[in-house]
Amino acid sequence: MTARPDLGVPQLASPDLLRAVFRQHAAGVAVITAHGDRPVGFTATSLNSVAAEPPLVSFGIGTASSSWPVVSQAGHIGVHVLGEHQRELAATFARSGADRFAPPTRWRTGPAGVPVLDGVLAWLVCRVVARVPAGDHRIVIAEAVAGDPAGAGRPLLYHQGRFNSLRD
């Protein structure tokens, strides 16, 4: 196999290589919420549509996350697609040790008791159908049971380690 100058020098797989590659991948920003003894939530860039019939989504969560104990037991979760006007909300839900549901966060109790954030582009409440082990994470698969896609604005993106907006 001959080296191609446009490919660069291959590196052996490592956590650092994976992080570096995915810094090049722009991802939508979502907040996942759940309720147990208390409401929990975290910022996720791993949200995916899995199937339309039935309507399934997936996301990853680290088992060391402060939200994992609640998410690991929750029957339902909330999925919130953030708008570019919600960088601070994304940062709050990404920050370790933050009181994520204190003001200025605006939220209400939604279907199945799930915390639903106000002002998002779209939200779903989903019934958890599987939690699949994946290294130090779990991939949660959930079926949408209710939601609202009618928020106004453009999506918030995550790229190169920071929150970004779409450019035309």
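These numbers were taken from a predicted model, which means no experiment stands behind them.

So, how was this worked out
Residues numbered from 1 in each chain as written. Predicted model: local features only at pLDDT ≥ 70, side-chain atom pairs only at ≥ 80, totals over all residues. Heavy atoms only, no water. 1 Å grid on protein atoms, 1.4 Å probe; cavity = no way out; pocket = protein on both sides within 12 Å on 5 of 7 lines; lining within 4 Å. Points joined across faces, edges and corners; volume = space filled by probe spheres on them. Helix = DSSP H or I, 4+ residues; strand = E, 2+ residues; numbered from the N terminus. Nonpolar A, V, L, I, M, F, W, Y, C, P; charged D, E, K, R; others polar. Buried < 20%, exposed > 50% of the residue type's maximum accessible area, 1.4 Å probe, protein only. Contact = heavy atoms within 4.5 Å. Pairing = 2+ DSSP bridges. Axes fitted to C-alpha atoms, helices over the stretch in contact; angles between N-to-C directions.

**Looking at the layout of surface pockets**
By volume, the largest pocket is sized at about 1,200 Å³. Lining of the largest pocket is provided by 36 residues; of these, Thr43, Thr45, Ser46, Gly60 and His137 occupy positions nearest its centre. Among the secondary structure elements, those contributing two or more residues to the lining of the largest pocket are helix 1 (15-23), strand 1 (27-28), strand 3 (39-44), strand 5 (56-62), helix 3 (87-94), strand 10 (137-148) and strand 11 (156-159). Top contributing element to the lining of the largest pocket by residue count: helix 1, with five residues. Among the residues making up the lining of the largest pocket, the classes are represented as 15 nonpolar, 17 polar and four charged.

**Overview of the side chain of Ser58**
For Ser58, the position within the fold is in strand 5. On the accessibility criterion, Ser58 (10% relative accessible area) is buried. Other than its neighbours up to four places away in sequence, Ser58 contacts Ser46, Leu47, Asn48, Val50, Ile139, Val140 and Ile141.

**Examining the sheet that holds strand 2 (residues 30-35)**
Spatially, 3-2-6-9-10-5-4 is the arrangement adopted by the seven strands of the open sheet, whose pairing is antiparallel. Pairing within the sheet leaves two strands with one partner each, and these edge strands are strand 3 and strand 4 (48-51). Here the average twist between neighbouring strands, direction ignored, is 35 degrees. Pairing geometry for strand 2 and strand 6 (residues 76-81), over four bridges, is antiparallel. Along strand 6, the bridge assignment pairs Val31 with His80.

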